[in-house]
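Listed below are the residues making up each chain.
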Amino acid sequence: MRLIKQLGEWFDARLQIGATLRETAEHPVPRETASWFYVFGSAAVVVFILQIFSGIMLALIYVPSAGEAWNSLQTLNHEVTLGWFARAVHGWGSEFMVAIVLLHMVQVFWFGAYKYPRELTWVVGVFLLVMTLGMAFTGQVLRFDQDAYWGLGIGASISSRVPIIGPPIVNLMLGGPIIAGATLSRFFALHVFVLPGLLIAFVGLHLLMVIKLGINEWPMPGRIVRKATYVKEYHELTNKDGIPFVPSAVWKDLFFAAFILLAIGACAAYFGPFGPGGEPNPTIIQTAPKPDFFFLWIYAVLSLLPPSMETPALLVGPVVGIVLLLLLPFVSSEGEKSWQRRPVAVLLILLLAVAFGTFTRRAEHAPWSPVMDAWSGKPIPPQFLRNRTALERQGALVFQAKQCHNCHALGNEGGERGPALDNVAVSMTRDQLIRQVIQGGGNMPAYGKNLSPAETTALVTFLQTLRPPGQRPARDAARDAANGPAGALSSPVR
Amino acid sequence: MKLGILFNGIVAAILAIPLVRYILSPVSHGRKGAYQSWFALGDLAQFPAGQTRLATYKNPYVNLWDGMTGDVACWVRHIEGANFQVFAVNCAHLGCPVRWFPQSGLFMCPCHGGVYYQDGSRASGPPERGLFEHHYKVENGKLWIKAGEMPTPGMVSGIPGGKPPCA
């Protein structure tokens, strides 16, 4: 023990940082901030450190070459001892990191911690969020499988829509004319050198400001932030009723960080690594690429926006979002911090959380995507075929053979791109069905050129049987009047 | 002091110019049209008249370490005689690979549900235009196409140097 002390003194006599470190560690913080709500920032740093270490471990085997990357991932998964675990830790670490950074941001917003004098801390935090998402996206690219390949294609297609300089941006992003070796190399450089370097620098700056400006006090209704008096009031608070950060507050940070690390390890061990999916071979087109979890909501938004709004929303939306985040602390730098007096802020958090959850859930289900194999892989449920005439069954065959099932569900089987047709005969008359099939419209292709008159007749006759038992098909009242009572009886109730 | 800063600034600019040109080389290279070239896609016999078939080719502009990413697919529609249409597989919405369904005569995209007719024109879904088309020619019993760059919706015609979609 004495030896350690002597060694410590020897080093400190030369380094001269012991006093500064002690002062920083023991600086007083407001008593209430020793709270489980104040642990997300430190946990994000700990997960970031885990990502650096696990990333270096993967780099020992991973080959950042378009021709070899996928194979090296397979080697990691199946041949290198516990290579799968290293990949799983890095993959799950990235999911947890994005989640914790988002939670941290929500907590800071909820507690009004971005207000004077911590505006710049928030601004740096916004950049840290963007970089964290950048790491998540570039990391997904390094998992160089089909999803990564076509995900890059989607990124290129979005970038190309920038007016005038779109196509050069695509070349710059891909490093050439197509997604290939140069593309992977530059995403590797971004993921391994550029973004981590920036992250380390910005995390350092962020922490420095947190230490210099002090941890945000627990918001109390009626405790108003005023630029003229805030700093004085904060120091009074910490000097009068503060506790040293180490050890009084830090133990909760340590405990939570350890819990998160344990959770990452458990997820990695239980669920294993992410992919890689199919090999990145562009000639294999039997693929339905999907982004990783934290980008699923974008996938949903892209599908649900009307086409005319897509390009503006894609190009302007992110810019507006980031600018709003950056402006926030300057627009509302004074005033109440307590969520009890900031109903709009609380509602905004709820709204964004519900929107994120809804879009993510929709994207996991992806009802806008046709089920590409429904026509061959999902037969029409028997209740729609029982007691049907030969012509009606012929129509059911047309329904399968012409891929109608890819977009239209019957008995909850099949695509959801178009409406389910279980009861279509109740809402559309025979003439309307014929018109819809032949001319299309309402986001359905026209089948006029690809159906013979006989096929159309059979198909529509089948469609007219799709209604609840005992219910008549829809009929055209005007035609009934013209044809007399007999017209109404021409389609008997079955 | 001022002289020192000025000197550093000049040296930085001298170094920066070639390095920026290096960074921009994927763009400047494409400007010269170097990415696009004519090559034979295959014998005409591979593409029976009246059918649409998937064809693959090695991208003319490729590096040794590109591996299988240097292989590109396209859809060849042989209408009749010397009339063809060659479509890029990339959906005009966001670039996902479209699949051909001969029974219904439609191309469908698995990502966001874009659908195209057999002639490549837009049928339904989010795409704002038809499929991207490559230039083609028939020579010596082979089908030649001009390609080399992944088409994206931002290109004026979809294909660099290609014809506008309605021409």
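Predicted model, so just to flag it, every value in this text is computed and none were measured. (Residues numbered from 1 in each chain as written. Chains lettered and ligands numbered in written order. Predicted model: local features only at pLDDT ≥ 70, side-chain atom pairs only at ≥ 80, totals over all residues.)

To continue, consider the overall build of chain B. Each helix and strand in chain B was counted, giving two helices and ten strands. Overall, chain B shows an N-to-C arrangement of helices and strands of α-α-β-β-β-β-β-β-β-β-β-β. Here the C-alpha atoms of chain B give a radius of gyration of 21 Å, more than 25% beyond the 15 Å that 2.2 N^0.38 yields for 167 residues. (Helix = DSSP H or I, 4+ residues; strand = E, 2+ residues; numbered from the N terminus. Rg over C-alpha atoms; globule rule 2.2 N^0.38 Å.)

Moving on: the sheet that holds strand S2 (residues 52-58) of chain B. All names here are of chain B. An order of S1-S10-S9-S4-S3-S2 is seen for the six strands of this open sheet, with the pairing classed as antiparallel. Either end of the sheet is taken by a strand with one partner, and the two such strands are strand S1 (37-43) and S2. Each adjacent strand pair in this sheet contributes to an overall mean axis angle of 35°, direction not counted. One ladder, built from two bridges, connects strand S4 (residues 83-88) with strand S9 (residues 133-139); its direction is antiparallel. Considered in S9, the bridge of phenylalanine 87 is made with glutamate 133. (Pairing = 2+ DSSP bridges. Axes fitted to C-alpha atoms, helices over the stretch in contact; angles between N-to-C directions.)

Below, the discussion takes up the packing of helix H5 (residues 83-110) of chain A against helix H11 (residues 245-271) of chain A. All names here are of chain A. Two elements in contact, H5 and H11, have axes separated by 8 Å at closest approach and are oriented at 130°. By the criterion of interaxial angle, the relationship of H5 to H11 is oblique. Note that H5 runs across H11; the crossing there is right-handed. Facing Phe85, Ala88, Val89, Trp92, Gly93, Phe96 and Ile100 of H5, the residues of H11 in contact are Ile260, Ala263, Ile264, Gly265, Cys267, Ala268 and Ala269. (Parallel < 35°, antiparallel > 145°, perpendicular 65-115°, else oblique. Left-handed = near helix turned anticlockwise from the far one by under 90°. Contact = placed C-beta atoms within 7 Å.)

The next thing to look at is the domain arrangement of chain A. When cut into domains, chain A gives domain 1 (2-365) and domain 2 (374-488). If you average the C-alpha positions of domain 1 of chain A and of domain 2 of chain A, the two centres end up 50 Å apart. (Domains from an automatic or database assignment.)

This next bit is on the sheet that holds strand S6 (residues 106-108) of chain B. Neighbouring strands of a sheet are bound in pairs by backbone hydrogen bonds; such pairs are parallel or else antiparallel. All names here are of chain B. Taken together, four strands build an open sheet; the order of strands is S5-S6-S7-S8 and the sheet is antiparallel. Looking at which strands have only one partner, the edges of the open sheet turn out to be strand S5 (99-101) and strand S8 (122-124). In this sheet, neighbouring strand axes are inclined to one another by 35° on average, regardless of whether the strands run parallel or antiparallel.

The next point concerns the packing of helix H3 (residues 40-59) of chain A against H11 of chain A. Residue and element names in this part refer to chain A. Running from N to C, H3 and H11 cross one another at 45°; their axes reach a closest spacing of 9 Å. Classified by the interaxial angle, the pair formed by H3 and H11 is oblique. For H3 against H11, the interelement crossing comes out right-handed. Along the contact surface, H3 presents Ser42, Ala43, Val46, Val47 and Leu50, while H11 presents Asp253, Phe256, Ala257, Ile260, Leu261 and Ile264. Looking at the contact of H3 with H11, its residues break down into nine nonpolar, one polar and one charged. (Nonpolar A, V, L, I, M, F, W, Y, C, P; charged D, E, K, R; others polar.)

A few words on the interface of chain B and chain A. If you look at the interface, chain B gives 49 residues, while chain A gives 57 residues. Elements represented by at least two residues in the side of chain B that touches chain A include exactly helix H2 (25-31), strand S3 (71-80), S5, S6, strand S7 (115-117) and S8 of chain B. Tallied by class, residues from the side of chain B that touches chain A come to 25 nonpolar, 19 polar and five charged.

This next bit is on the nonpolar core. All names here are of chain A. Of all hydrophobic cores here, the largest spans 101 residues; its most connected members are Val47 and Ile100. Of the residues forming this core, the biggest block, eleven residues, is contributed by H5. When residues no more than four places from it in sequence are discounted, the contact partners of isoleucine 100 are Phe40, Ala43, Ala44, Val47 and Ile260. In this structure, Ala396, Val398, Phe399 and Ala458 belong to the second largest nonpolar core, which totals 21 residues. (Core = buried A, V, L, I, M, F, W, Y, C linked by C-beta atoms within 7 Å. Buried ≥ 20, exposed ≤ 12 C-beta atoms within 10 Å, placed from the backbone.)

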